[in-house]
Amino acid sequence: MTNEPRPMGPVEQNEVLQEMTLLLSHALPADWEEAVVAYRALGSYTEMYGQIQHKGKKLPSPYQPPAELTGLFARLREGMYRPGFGTWLTATLRLTFPATYNVRYDGDSEPSWVRRPPDGAGEEELQRFPRDPQHVPEWLGGRPADGSAIPVAKPYDDSEPDGTPIFQRPEVPAEDRDALLAYLEKAPIILMAHSLSEDMMDPERPSRVPMTYHTDGVWIWPGAVGYYLREHGLPPESELVAHIRGNGFELPDTPDHVLSATLKHLYSSFSNG
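Bear in mind that the values here come from a model prediction, so they are computed numbers and not experimental data. (Residues numbered from 1 in each chain as written. Predicted model: local features only at pLDDT ≥ 70, side-chain atom pairs only at ≥ 80, totals over all residues. Heavy atoms only, no water.)

Q: Can you break down the overall build of the protein chain residue by residue, with the values?
A: Along the backbone of the protein chain there are seven helices and ten strands. Its C-alpha atoms give the protein chain a radius of gyration of 26 Å, clearly above 19 Å, the size a compact globule of 273 residues would have. On the principal axes, the C-alpha backbone points of the protein chain span a range of 90 × 35 × 25 Å. Within the protein chain, the fraction of its 273 residues that count as buried is 40%. In the protein chain, of all internal contacts separated by at least 6 residues, the share reaching a separation of at least 24 is 64%. (Helix = DSSP H or I, 4+ residues; strand = E, 2+ residues; numbered from the N terminus. Rg over C-alpha atoms; globule rule 2.2 N^0.38 Å. Buried < 20%, exposed > 50% of the residue type's maximum accessible area, 1.4 Å probe, protein only. Contact = heavy atoms within 4.5 Å.)

The structure is reproduced here in structure tokens:
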């Protein structure tokens with residue numbers, strides 16, 4: 001985000017809300033009893049819808065709120081941004097005759113869209129109002145809410161005293177090998193060294209093992225995983241293979257903010273040993 005929004009304190013937030021309720025109450029018909037306005041936003045996409053409960057009527061009626069409310073909601077949304085946490089995506093303002101109001105904010109659930117936002121709105125949201133990875137909802141491209149870590153695959157299970165890798169994994173079926181290799185090797189690279197490492201299965205070879213890390217947004221794996229499968233037929237971890245098979249061997253689109261989050265997690269895994 002180029003210019004971080006200026007935060008609003010509680011007093012300033014309340015002043016904006018009072019301005020909104022004043023504007024709304026002056027625009028309502030004479031027989032109103034309660035009005036509800038829902039404002040939803042993602043990136044620069046917004047929508048606003050309202051309804052009115054008229055006196056003596058059992059059911060509320062649709063209502064088009066004053067257009068000026070859009071700018072006030074946008075000011076409030078920007079001013080309530082918290083670095084690392086983002087801002088709300090849905091605000092529901094309820095005004096009860098004559099002048100009692102309350103407002104509810106939701107920054108985690110996907111809004112109940114009337115019209116779907118355009119492609120790229122989610123990425124724009126995270127560019128305008130950046131969130132730390134743990135605060136990006138799953139529907140917005142974040143990790144599952146169970147707090148599970150992003151798994152980082154190991155190229156092999158253990159080593160002999162002389163350094164020879166030990167593989168204790170199920171073999172990859174021959175019919176899956178090419179599709180699995182394509183997935184492993186074509187996935188986005190999030191970290192790369194400008195050198196190659198030694199082939200631990202054949203140290204006499206020139207160094208040719210790629211010193212890279214790939215991700216599909218759910219798993220991270222070193223380039224050595226694909227190398228050892230291609231050159232020696234040695235399998236990746238069975239959980240990684242099952243995940244890739246579950247994706248139909250088709251790489252998903254991985255937004256930039258997810259790539260950044262996985263790289264941050266990878267660095268964290270290095271520092272934690």
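Q: Quick rundown of helix α2 (residues 68-79)? Include the residues and the values.
A: Residues three or four positions apart in an α-helix share a direction because the helix packs 3.6 residues into each turn. The terminal C-alpha atoms of α2 lie 17 Å apart, and with twelve residues this matches the ideal 16 Å at 1.5 Å per residue to within 8%. Those residues of α2 that fall on the buried side of the exposure criterion are L69, L72, F73, L76, R77 and G79. Residues of α2 that are buried in the fold lie against α1 (10-27), β1 (32-42), β2 (45-54), β4 (90-96), β5 (100-106) and α3 (121-128). (Expected span 1.5 Å × (residues − 1).)

Q: Can you break down the nonpolar core residue by residue, with the values?
A: Grouped together as the largest cluster of nonpolar side chains are 23 residues, with contacts concentrated most on M20, L24, L28, L69, F73, L76 and W88. Of all the secondary structure elements, the ones that give two or more residues to this core are α1, β1, β2, α2 and β4. For this core, the element with the highest residue contribution is β1, accounting for five residues. W219, W221, V241 and I244 belong to the second largest nonpolar core, which has 14 residues in total. (Core = buried A, V, L, I, M, F, W, Y, C linked by side-chain atoms within 4.5 Å.)

Q: Lay out the side chain of D199 with the relevant residues and their values.
A: By secondary structure assignment, the location of D199 is in the loop between β8 (189-197) and β9 (209-215). For D199, a relative accessible area of 0% translates into the label buried. There is a polar contact of 2.9 Å between the side chain of D199 and the backbone nitrogen of M201. Of note is the side chain of D199, whose polar atom sits 2.6 Å from the side chain of Y227. (Polar contact = N/O pair within 3.5 Å; in protein donor to acceptor, adjacent residues only side chain to side chain.)

Q: Any chance you could break down the sheet that holds strand β3 (residues 61-63) for me, citing the residues and the numbers?
A: Read from one edge of the open sheet, five strands run β3-β2-β1-β4-β5, paired in antiparallel fashion. In this open sheet, the two strands that pair with only one neighbour each are β3 and β5. Within this sheet the neighbouring strands show an average axis-to-axis angle of 20°, counted without direction. Of the pairings in the sheet, the one linking β1 to β2 comprises ten bridges and is antiparallel in character. The residue bridging V36 from the neighbouring strand is Q51, located in β2. (Pairing = 2+ DSSP bridges. Axes fitted to C-alpha atoms, helices over the stretch in contact; angles between N-to-C directions.)

Q: Please give an account of helix α6 (residues 238-246) that cites residues and values.
A: Those residues of α6 that fall on the buried side of the exposure criterion are L240, V241, H243 and I244. All buried residues of α6 project into a common sector of 160° when viewed along the axis, lining one side. Buried-residue contacts for α6 involve α4 (174-186), β10 (220-222) and α5 (223-232). Positive backbone phi, approximately 65°, marks G248, located one or two places after α6. (Arc of directions from axis to C-beta.)

Q: Go over the sheet that holds β10, please, and point to the residues and values.
A: The strand order across the open sheet built from three strands is β8-β9-β10, with neighbouring strands paired in antiparallel fashion. The open sheet has two edge strands with one neighbour each: β8 and β10. On average, each strand axis in the sheet is inclined to that of its neighbour by 5°, with strand direction left out of account. By the bridge criterion, five bridges tie β8 to β9 in an arrangement that is antiparallel. What sits directly across from L196, in β9, is P210. Packing against the sheet, helix α7 (residues 256-271) makes contact with β8, β9 and β10, and its axis sits at approximately 50° to β8.

That is the geometry; function is a separate question.
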